[in-house]
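A look at the structure
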Amino acid sequence: FHFFNLFDGASISSVLLQVGYTFLIGCMFAVIQIKMGSVWYCVILHALFDFGGMFTLFGFAFGDPWDVIFWILTIVFGLLCAGHIIVTLINMERNKYAS
C-alpha cells in the first residue's frame, strides 16, 4: 500500500524507503509472532513505531533526516535486522526438525 503514496506526490526514493522499512518490520513482526505465539507483541511494537513517528510529524525532531549519517545507519541497521531475521528463521527450522 505504500506504493500508493506515489499518486499522492511522494518521490520514488521516499516510497522505496517506506517499502524497505515496511518489509523489514513485517519480517520482524512475523518472527516475533512465530516465536512468541501471540499477535499482541506485534501490536504493541507497531504502536511504539507509530508513537515514535509522531515525533517527526509534530516537529519534535530537528535537523535533516536525509543526511549521509542517516543513510549509513539505515543501511547498517537494516542489514543487521535482516541478518538477524534470517538466522532466527534458519535456527527455528533446524530446531523443528531436531525435535
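Summarised in this report is the structure supplied together with it. (Residues numbered from 1 in each chain as written. Predicted model: local features only at pLDDT ≥ 70, side-chain atom pairs only at ≥ 80, totals over all residues. Heavy atoms only, no water.)

1. Remarks on helix α1 (residues 12-36)
With 25 residues, α1 ought to run about 36 Å at 1.5 Å a step, and its terminal C-alpha atoms sit 35 Å apart, in line with that. Directly beyond the C-terminal end of α1, a positive phi value near 75° is found at Gly37. (Helix = DSSP H or I, 4+ residues; strand = E, 2+ residues; numbered from the N terminus. Expected span 1.5 Å × (residues − 1).)

2. Some remarks on a nonpolar patch on the surface
Side chains of Val68, Ile69, Ile72, Leu73, Val76, Phe77 and Leu80 sit close together on the surface and give an oily, nonpolar patch of about 700 Å² of accessible area. Note that Ile72 resides in helix α3 (residues 68-98). (Patch = residues over 30% accessible without salt bridge, like charges linked within 9 Å, V, L, I, M, F, W, Y side chains within 5 Å. Areas by Shrake-Rupley, 256 points an atom, 1.4 Å probe, with all protein chains shown as cover. Salt bridge = Lys/Arg side-chain N within 4 Å of Asp/Glu carboxyl O.)

3. Describing the pattern of salt bridges
Any two side chains of opposite charge can pair, given that their charged atoms come close. Summed over the entire model, instances satisfying the criterion amount to 1 salt bridge. Glu93 is paired through a salt bridge with Lys96; the nearest N and O atoms lie 3.5 Å apart. Within this pair, Glu93 and its partner Lys96 are both found in helix α3, separated by 3 residues, close to a single helical turn.

4. Considering α3
Taking 1.5 Å of rise per residue, 31 residues should cover 45 Å, and α3 covers 45 Å from first to last C-alpha, within 8% of that figure. Listed in full, the buried residues belonging to α3 are Thr74, Gly78, Ile85 and Thr88. Lining the buried residues of α3 we find α1. (Buried < 20%, exposed > 50% of the residue type's maximum accessible area, 1.4 Å probe, protein only. Contact = heavy atoms within 4.5 Å.)

5. Some remarks on the packing of aromatic side chains
Within this structure, the stated rule accounts for 1 aromatic pair. Residues Phe29 and Phe49 carry aromatic rings whose centres are separated by 6.3 Å and whose planes lie at 75° to one another, so their mutual orientation is edge-to-face. Taken together, the residues Phe29 in helix α1 and Phe49 in helix α2 (residues 40-57) connect sequence positions 20 residues apart. (Phe/Tyr/Trp six-rings, centres within 6.5 Å; stacked < 30°, edge-to-face > 60°.)

6. Digging into the state of the cysteines
Within this structure, the stated rule accounts for 0 disulfides. Left unpaired, Cys81 is separated from the closest cysteine sulfur, that of Cys27, by 8.0 Å. (Disulfide = S-S within 2.5 Å.)

7. Some details on the side chain of Thr88
Residue placement: Thr88 occurs in helix α3. At 2.8 Å, the side chain of Thr88 forms a polar contact with the backbone oxygen of His84. If we skip the residues at most four places from it in the chain, Thr88 touches Val31 and Lys35. (Polar contact = N/O pair within 3.5 Å; in protein donor to acceptor, adjacent residues only side chain to side chain.)

8. Some thoughts on the packing of α1 against α3
Packed helix pairs are specified by the crossing angle of their axes together with the interaxial distance, meaning the distance between the axes. As a packed pair, α1 and α3 sit with axes 10 Å apart at the nearest point and diverge in direction by 30°. With respect to each other, α1 and α3 are oriented roughly parallel. Between α1 and α3 lies a crossing of left-handed hand. Across the interface between the two elements, Leu17, Tyr21, Leu24, Cys27, Met28, Val31, Ile34 and Lys35 of α1 pack against Phe70, Trp71, Thr74, Gly78, Ala82, Ile85, Thr88, Leu89 and Met92 of α3. (Axes fitted to C-alpha atoms, helices over the stretch in contact; angles between N-to-C directions. Parallel < 35°, antiparallel > 145°, perpendicular 65-115°, else oblique. Left-handed = near helix turned anticlockwise from the far one by under 90°.)

9. Quick look at the environment of Val43
On the secondary structure map, Val43 appears in helix α2. Residue classification places Val43 among the partly exposed positions, given a relative accessible area of 40%. Counting along the chain gives 14 residues from Val43 to Phe29, while the straight-line C-alpha distance between them is 8.9 Å.

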